[in-house]
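# Residue-level structural notes
Below are the chains, spelled out letter by letter.
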Amino acid sequence: MTTIYDKLQQVRGRLSQACAAAGRDPASVALLAVSKTFGADALAQAVAAGQRAFGENYIQEGVAKIAALRAALPGAALQWHCIGPIQGNKTRPVAEHFDWVHTVDRLRIAERLSAQRPAHLPPLQVCIQVNVDGDPNKSGVAPADAPDLVRAVAQLPCLRVRGLMSIPDHAPDFEAQRAVHLRARRLFDQIRGHAEPGLEDFDTLSLGMTADLEAAVQAGSTLVRVGTGIFGGRDTAP
Ligand SMILES: *Cc1c(COP(=O)(O)O)cnc(C)c1O
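Residues numbered from 1 in each chain as written. Predicted model: local features only at pLDDT ≥ 70, side-chain atom pairs only at ≥ 80, totals over all residues. Heavy atoms only, no water.

Worth spelling out the cut-off: UniProt positions are given in the numbering used here, feature names are shortened, and annotations may be inferred rather than shown by experiment.
An unreviewed UniProt entry annotates the protein as Pyridoxal phosphate homeostasis protein of Verminephrobacter aporrectodeae subsp. tuberculatae. Of the comments in the UniProt record for the protein, the one headed Sequence similarities (unreviewed entry) reads "Belongs to the pyridoxal phosphate-binding protein YggS/PROSC family."

### A short note on the site of the ligand
Heads up, the rule is: To be near a molecule or strand, a residue needs just one of its heavy atoms within 4 Å of it. Polar contact is defined as a pair of N or O atoms within 3.5 Å, subject to the rule that within protein one atom must be able to donate a hydrogen and the other to accept it, and that residues adjacent in sequence are counted only when both atoms are side-chain atoms. Here the Shrake-Rupley method, with its probe set to 1.4 Å, supplies the accessible areas, and only the displayed protein chains count as covering residues. Side-chain classes are defined by residue name, with Ala, Val, Leu, Ile, Met, Phe, Trp, Tyr, Cys and Pro counting as nonpolar, Asp, Glu, Lys and Arg as charged, and the others, Gly among them, as polar.
Looking at the ligand, there are 13 residues lining it, with Lys36, Asn57, Thr210, Arg225 and Thr228 nearest. In this structure, Thr228 approaches the ligand through a side-chain N or O atom, which is 2.5 Å from an oxygen atom. Note that an oxygen atom of the ligand is positioned 2.8 Å from one of the side-chain N or O atoms of Arg234. Look at the ligand: alone it shows 390 Å² of surface, and the protein chains cover 90% of it. A class-by-class count of the residues in the shell around the ligand yields six nonpolar, four polar and three charged.

### Some words on the packing of helix α6 (residues 146-154) against helix α7 (residues 174-193)
Basically, it comes down to this: The axes are straight lines fitted to the C-alpha atoms, using for helices just the contacting stretch, and the angles between their N-to-C directions are given from 0 to 180°. Only DSSP runs of H or I covering at least 4 residues are called helices, and only runs of E covering at least 2 are called strands; the numbering of each starts at the N terminus. Under this scheme an angle from 65 to 115 degrees is roughly perpendicular, one under 35 degrees roughly parallel, and one over 145 degrees roughly antiparallel; angles in between are oblique. Helix crossings fall into two classes, left-handed where the near helix is turned counterclockwise from the far one by less than a right angle and right-handed where it is turned clockwise. Any two residues whose heavy atoms approach within 4.5 Å are treated as being in contact.
Packing of α6 against α7 brings their axes to within 10 Å, and their N-to-C directions diverge by 50°. Between α6 and α7, the crossing angle belongs to the class labelled oblique. As for the relative orientation of α6 and α7, their crossing is right-handed in sense. Contact with α6, carried on its side by Ala146, Pro147 and Val150, involves Leu187, Gln190 and Ile191 of α7 and no other residues of that element. Residues of the contact of α6 with α7, tallied by class, amount to five nonpolar, one polar and no charged.

### Thoughts on the side chain of Asn131
What counts here: Using a 1.4 Å probe on the protein chains alone, a residue whose accessible area is under 20% of its type maximum counts as buried, one over 50% counts as exposed, and one in between counts as partly exposed.
Locating Asn131 in the fold gives a position in the loop between β5 (124-129) and α6. Under the relative-accessibility criterion, Asn131 is labelled buried at 9%. A polar contact is formed between the side chain of Asn131 and the backbone nitrogen of Asp133, at a distance of 3.4 Å. Side-chain polar atoms of Asn131 contact the backbone oxygen of Asp135, separated by 2.9 Å. Beyond its immediate stretch of four places on either side in the chain, Asn131 contacts Lys138, Ser139, Gly140, Val141 and Pro143.

### Thoughts on the pattern of salt bridges
Worth spelling out the cut-off: Between Lys or Arg on one side and Asp or Glu on the other, a salt bridge is scored when a side-chain nitrogen of the former is within 4 Å of a carboxyl oxygen of the latter.
Per the stated rule, a full pass over the model turns up 14 salt bridges. The partner of Lys65 in a salt bridge is Glu61, with the nearest N and O atoms 2.6 Å apart. Within this pair, Lys65 and its partner Glu61 are both found in helix α3 (residues 59-72), separated by four residues, close to a single helical turn. For the salt bridge of Asp189 with Arg185, the shortest nitrogen-to-oxygen distance reads 2.9 Å. With a gap of four residues between them, Asp189 and Arg185 both fall in helix α7, about one helical turn apart. Linked by salt bridges that have partners in common, Glu56, Glu61 and Lys65 make up one network.

### Focus: α7
Filter applied, for reference: To estimate how far a helix should reach, multiply one less than its number of residues by 1.5 Å.
Over its 20 residues, α7 runs 28 Å from end to end, which matches the ideal 28 Å to within 8%, given 1.5 Å per residue. Contact partners of the buried residues in α7: α6, β6 (159-165), β7 (204-206) and α8 (213-219). You can read the cap of α7 off the contacts: a side-chain oxygen lies 3.2 Å from the backbone nitrogen of Glu175, and it is on Asp173.

### Quick notes on the environment of Ser114
Tracing the backbone shows Ser114 in helix α5 (residues 107-116). Considered as a pair, Ser114 and Arg12 are 102 residues apart in the sequence and their alpha carbons are 34 Å apart. If sequence neighbours within four positions are ignored, Ser114 has contacts with Leu156, Pro157, Cys158 and Leu159.

### Observations concerning the UniProt feature "domain: Alanine racemase N-terminal" (unreviewed entry) in the protein
Under the feature "domain: Alanine racemase N-terminal" (unreviewed entry), the UniProt entry names residues 17-234. The annotated region residues 17-234 carries 39% helix and 17% strand content, and the separation between its end C-alpha atoms amounts to 26 Å.

### Here we look at the pairing of strand β3 (residues 79-82)
Rule in force here: Being paired, for any two strands, means DSSP has found at least two bridges between them. The crossover handedness rule: strands pointing away from the viewer, path from first strand over the helix to second strand clockwise, crossover right-handed.
Pairing between strand β2 (residues 53-56) and β3: four bridges, direction parallel. Of the residues in β3, the one forming a bridge with Gly55 is His81. What joins β2 to β3 is α3, and the crossover it makes is right-handed. As defined by bridge partners, β3 adjoins strand β4 (residues 100-104) across two bridges and the pair is classed as parallel. Paired with His81 across the bridge in β4 is Trp100. Crossover connection from β3 via helix α4 (residues 91-97) to parallel β4: handedness right-handed.

And the structure:
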């Protein structure tokens, strides 16, 4: 049986090969283990294999696992990323329990997260989700509106705007995957090019999943979100 340790090693191998192919430092791409639908025991195995950053899509499920892992492994410095859609009335548990949020796509959500972030915690680290496919039914801010949203979020006191995130539609091959990731990359470079106050830590491009991490690294991703590659297939739809 392939263990979580083995699968994590395979993903790390894929990442370092992708960095070599792209001429990039392997330390420039972080690995987020996407643990939605998997139990705390699976996460504990990943922690034992050296993984520290976890991504959760469903807020209640994530909050329960944060508590379970804190109880089971009190000394582990784990980092929790919310990567699922956030309804306007569900911001509070995100603000209170997570370290990062990748899915901010409108100012109202950002304002609530900032207002609800407890004062004793560091600022919530935020990526703005961009809809690079242009399908109006998908979440994410339209690319043309992203710079203004980034600037507005940068003004909020209890958030730190860290970069962009996108979840493109499935693309058939490496070139098509790279092309769509490059749209996010260009927007990222464009926003970074304006050295504005509040954007000092705008350094994160959250792109790529199990199926397309090589293309994402080639396009400049600094954080890949990998679920299936580490934990195996999920029963429930993502
Ligand atoms: C589920 C999910 C992932 C991981 O997808 P895999 O194909 O299992 O690697 C990454 N990002 C988001 C936003 C997800 O919802």
